Amino acid sequence: MKALILAFSASLVWGLAPSLFKLVLKEGVPPSVALIFHNLSACIIALLITIILGERLTLNPKQLSLAFLGGFLSGFLGLYLFFLALRHGDVSIISPIASTSPLWSALFAYIV
């Protein structure tokens, strides 16, 4: 039950974020600059939570490589492409298309 509540909460938060991204891009902020501040805020908050919870900050080379690759794909490349799409299109069209990512996740998970 806890996992479902957390997943639903994530869905609500992810549903709100694209409208905020569109507003900042509509103000003329370049997608790369918006991405810097998006990732900077995520990094600062994640670091604070890690410190508060007393979690370890060390990774072995394999863990670091996988985390880096995942971060590059989702935290940079995917989000940058999403920001570019939002800059040129409507949230009501772009967001549902981008929200098909779980289908790709299921496919790749099956393959891997």
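Residue indices follow the written sequence of each chain, beginning from 1 at its first position. Confidence filtering applies because this is a predicted model: local features only for residues at pLDDT of at least 70, side-chain atom pairs given and counted only at 80 or more, and all residues used for totals across whole chains, interfaces and linings. Values shown for side chains rest on all heavy atoms present in the structure; no hydrogens or waters enter the calculation.

**Quick word on the confidence of the model for the chain**
- A residue's pLDDT is the predictor's confidence in that residue, given on a scale from 0 to 100. Scored by pLDDT, the chain has a mean of 94; 100% of the residues are at 70 or more.
- A run of H or I in DSSP counts as a helix once it spans at least four residues, and a run of E counts as a strand once it spans at least two, with each numbered from the N terminus. Mean pLDDT across the secondary structure elements of the chain bottoms out at helix α5 (residues 101–111), with 93, and peaks at helix α2 (residues 31–53), with 96.

**Overview of a nonpolar patch on the surface**
- Candidate patch residues must exceed 30% relative accessible area and have no salt bridge, after which like charges are joined if within 9 Å and Val, Leu, Ile, Met, Phe, Trp or Tyr side chains if within 5 Å. Reported accessibility uses the Shrake-Rupley method at a 1.4 Å probe radius. Residues are deemed covered only where the shown protein chains occlude them. Here a salt bridge means any side-chain nitrogen of Lys or Arg lying within 4 Å of a carboxyl oxygen belonging to Asp or Glu. A cluster of nonpolar residues, Val33, Ile36, Phe37, Leu40, Ile44, Ile45, Leu48, Ile49, Ile52 and Leu53, forms a patch on the protein surface that exposes about 970 Å² of accessible area.
- Position of isoleucine 44 among the secondary structure elements: in helix α2.

**Here's the deal with the nonpolar core**
- Counting residues in hydrophobic clusters, the biggest one holds 11 residues: Ala17, Phe21, Leu25, Ala34, Leu35, Leu79, Phe82, Phe83, Leu86, Val91 and Ile94.
- Contributing elements (two or more residues each) for this core: α1 (2–26), α2, α3 (61–88) and α4 (91–98).
- For this core, the element with the highest residue contribution is α3, accounting for four residues.
- For leucine 79, the residues in contact, after removing those within four places along its chain, are Phe21, Leu35, His38 and Ser74. To define a nonpolar core, start from buried Ala, Val, Leu, Ile, Met, Phe, Trp, Tyr and Cys residues and group those joined through side-chain atoms within 4.5 Å. Burial status follows relative accessibility: with a 1.4 Å probe on protein chains alone, a residue under 20% of its type maximum counts as buried, one over 50% as exposed, and anything between as partly exposed. Two residues form a contact once any of their heavy atoms are found within 4.5 Å.

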